[in-house]
Amino acid sequence: MSNEYFERKRSHRKWVGGLILLLSLMLVLSGCGAGKDGQDGSDGKEGKITLKMMHLWPEGSSAQQSKLVSQIIAQYQKDHPNVVIQQEVLENEQYKNKLKVLSASNELPDIGITWAAGFMEPYVKGGLFTPMDDLLNGSRLKNKFVPGTTEAYALNGKTYALPIELNISPIYYNKAIFQKYNLKVPATYDELKQIVKTLTDHGVAPIALGNKDRWTGSLWYMYLADRIAGNDTLKKAIDGSGSFDDPGLIQAASEIQTLVDMNAFNKGFNGLSNDEGKSEFMNAKAAMYLMGTWELPNFTTNPAIPQAFKDQIGFFKFPMVAGGKGNVNGWVGGPGVGLFVSENSKLKEEAKAFVEYFVVKWGEQSVTQAGVIPATKVDTSKGNLPKLYVDLLNGLNQASSITLFADVQMKPSAAQVHLNMIQALFGKAVTPQQFADQHKAAIEKGN
């Protein structure tokens, strides 16, 4: 997944507005899903039906995911001899472009891949995705998803896709550096700040950060806001039903600048990309690194990374702030891609049945076979997983909430204000109150 997750979201915003307009001009939603060989989806051979699935895991660039998808399809076809699943596989940008084109002519595949929130909204408003709540509440999937994942795919009280991937953001740390300076994993934010002080006193960069990309710094603000003001207050501020004027949210912004004053981050962090900031951690020059679980292979299975380094890496949850309203089991993160079923498919129920099957099988096999954390809960007693995966998955199973990345939740222009203000906050170019005021004004504009 890596930073692609964020870059995809930002590129999506460039055309979301145009797509909404295009869909609103469509007077008639007609035609059947793409990939049908007959009027009813039958291929005319022994009563078989054909479902078309379009996804973005090519064999070359996404070998493990591609292999897993093909395995799931092969088993489903074996278990359901009357069903043929046709795959159409495209690279990420090609996939997005084709999905846009197919939506304009009501020729979406029976089953496809979508992202949450802003990406999905124009398709839902255009009546192109079918609700999936019957599957979500059905016997096979009820209570199977990690809390906070399916909500990102809901609009106006209905769920229009089922997520199959999930990213959360732990604080990774170098055990060798901690041991050298007799440091323990912090249980509180005050203890984290004490660790920062000890490391700076010894000339070690406490935290690796490349904030030129801005969303990286947003992770720190989001966690402080969650721990101080509480998850509900943060979400309401982002969606406009609350306000960034909340004292807890202003305090979170103030704490960011306290960390900056303490030299908590590597030198020049505001001018470094995420990859440049990450290199400080990967080269054991910084002790901690807050980042998404897409980095897990680098600390577990990536053959290019020395095993001696991988053995040194652990993680901890963002600690609680004294007097704060948050929950230590609350995570900042969000689902990756999800599966949709076309509203205009002639084989809607058959497509839904396959999606249900796919979600279950993907959840059982994605960690071990593709190194991908699914949106469904994982039984860590099964399979031979690296300890870091097991510990994180167990933590996920206890999640009280998952707060979607702020810039993904916000409307496009407000998201840009948020990202700009994050960099300004870390650079001390704005006060915490100005940070709040700019957010409030941007969100009130509503675009």
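In the block above lies the structure referred to throughout.
The rules behind each value
Residues numbered from 1 in each chain as written. Predicted model: local features only at pLDDT ≥ 70, side-chain atom pairs only at ≥ 80, totals over all residues. Heavy atoms only, no water. Helix = DSSP H or I, 4+ residues; strand = E, 2+ residues; numbered from the N terminus. Buried < 20%, exposed > 50% of the residue type's maximum accessible area, 1.4 Å probe, protein only. Contact = heavy atoms within 4.5 Å. Areas by Shrake-Rupley, 256 points an atom, 1.4 Å probe, with all protein chains shown as cover. Expected span 1.5 Å × (residues − 1). Arc of directions from axis to C-beta. Phe/Tyr/Trp six-rings, centres within 6.5 Å; stacked < 30°, edge-to-face > 60°. Salt bridge = Lys/Arg side-chain N within 4 Å of Asp/Glu carboxyl O. Pairing = 2+ DSSP bridges. Axes fitted to C-alpha atoms, helices over the stretch in contact; angles between N-to-C directions. Parallel < 35°, antiparallel > 145°, perpendicular 65-115°, else oblique. Nonpolar A, V, L, I, M, F, W, Y, C, P; charged D, E, K, R; others polar. Core = buried A, V, L, I, M, F, W, Y, C linked by side-chain atoms within 4.5 Å.

Further remarks concern the overall build of the protein. Check the secondary structure of the protein and you find 18 helices and 14 strands. Expressed as a percentage of its 447 residues, the buried residues of the protein come to 57%. At a minimum sequence separation of 6, the contacts of the protein that also span at least 24 residues come to 77%. Accessible surface for the protein amounts to roughly 18100 Å². Of this, 48% is attributable to carbon and sulfur atoms.

Our next topic: helix α3 (residues 92-104). When the terminal C-alpha atoms of α3 are compared, their 19 Å separation across 13 residues agrees well with the 18 Å that a helix rising 1.5 Å per residue should span. Within α3, burial applies to N92, Y95, K96, L99, L102 and S103. The buried residues of α3 all sit within an arc of 135° when viewed along its axis, so they share a single face. One or two residues past the end of α3 sits N106, with phi positive at roughly 55°.

Taken as a whole and judged by the stated rule, the model has 23 aromatic pairs. When the ring of Y221 is compared with that of F435, the centres are 5.0 Å apart and the planes differ by 65°; the resulting orientation is edge-to-face. Taken as a pair, Y221 in helix α8 (residues 215-229) and F435 in helix α18 (residues 432-445) lie far apart in primary sequence, 214 residues in all. F435 sits in the buried class, given a relative accessible area of 1%. Judged by centre distance (6.5 Å) and plane angle (50°), the ring pair of W294 and F405 falls under tilted.

Bringing the pattern of salt bridges into the picture now. Two side chains bearing opposite charge may form a pair once their charged atoms approach each other closely. Per the counting criterion, the structure on display carries 14 salt bridges. In this structure, D226 and R227 form a salt bridge, with 2.7 Å as the shortest nitrogen-oxygen distance. For R227, a relative accessible area of 0% corresponds to the buried category. E295 is paired through a salt bridge with K278; the nearest N and O atoms lie 3.1 Å apart. With E295 in the loop between β10 (286-290) and α12 (296-300) and K278 in helix α11 (residues 274-282), this pair connects stretches of sequence that are 17 residues apart. Taken together, the shared-partner salt bridges in this structure form one network comprising K52, E88 and K98.

This brings us to the pairing of strand β12 (residues 330-335). Summarising burial for β12: six of the six residues are buried, a large majority. Both faces of β12 are covered, namely the face carrying G330, V332 and G334 and the face carrying W331, G333 and P335. As paired strands, β12 and strand β14 (residues 401-404) are joined by four bridges and run parallel to one another. Within the sheet, the bridge partner assigned to G330 lies in β14 and is S401.

Glancing now at the environment of L135. Structurally, L135 is set in helix α5 (residues 133-136). Along the sequence, L135 and A353 sit 218 residues apart, while their C-alpha atoms lie 8.4 Å from each other. The contacts of L135, once residues within four sequence positions are left out, are L141, L162, K352, V355 and E356.

Close contact between α8 and helix α9 (residues 231-239) brings their axes to 6 Å; oriented N to C, the two are set at 125°. In terms of orientation, α8 lies oblique with respect to α9. On α9, the residues touching M222, A225, D226 and A229 of α8 are N231, T233, L234 and I238. Split into classes, the residues belonging to the contact of α8 with α9 amount to five nonpolar, two polar and one charged.

Another point: unusual backbone geometry. Phi angles above zero are rare outside glycine, and N182 is one such case at about 55°. Relative to the helices and strands, N182 is located in the loop between α6 (175-180) and α7 (189-201).

Here we take up the sheet that holds strand β8 (residues 171-174). Strand order in the open sheet formed by four strands is β9-β10-β8-β11, and the pairing between neighbours is mixed. The open sheet has two free edges, formed respectively by β9 (205-207) and β11 (313-316), since each of these has just one partner strand. When the angles between neighbouring strand axes are averaged without regard to direction, this sheet yields 25°. In the sheet, β8 pairs with β11 via four bridges, with the strands oriented antiparallel. Residue pairing for β11: Y172 is matched across the bridge by F315.

Attention shifts here to the nonpolar core. Soluble, globular proteins show a tendency: their nonpolar side chains are buried together. W220, Y221, F265 and M288 are the most contacted members of the largest nonpolar core, which totals 150 residues. Contact partners of M288, with chain neighbours within four places excluded, come to I171, Y172, Y173, F178, L192, I195, L199, P206, I207, A208, F281 and F316.

Below, the discussion takes up the sheet that holds strand β3 (residues 111-114). Here five strands make up an open sheet; going across it, the order is β2-β1-β3-β13-β6 and the pairing mixed. A single partner strand is all that each edge strand has here, and the edge strands are β2 (83-89) and β6 (162-163). In this sheet, β3 lies alongside strand β1 (residues 49-55) in parallel orientation, the contact comprising two bridges. For M54, the partnering residue across the bridge sits in β3 and is G112. Sitting on the sheet, α3 is in contact with β1, β2, β3 and β13 (338-341), with an inclination near 130° to β1.

With that out of the way, let us pick up the environment of Q398. Along the chain, the position of Q398 falls in the loop between α15 (387-397) and β14. Not counting chain neighbours up to four residues away, the residues in contact with Q398 comprise K317 and N329.

Turning to the pairing of β3, a few remarks are in order. Of the two faces of β3, the one lined by I111 and I113 and the one lined by G112 and T114 are each fully buried. Bridge count between β3 and β13: four bridges; the pairing is antiparallel. Bridge assignment links T114 to a residue of β13, and that residue is G338.

A rise of 1.5 Å per residue sets the reference length of α8, with its 15 residues, at 21 Å; its end C-alpha atoms lie 20 Å apart and thus fit the reference within 8%. Within α8, 15 of the 15 residues are buried, which leaves the element mostly enclosed by the surrounding structure. Downstream of α8 by one or two residues, G230 has phi in the positive range, about 100°.

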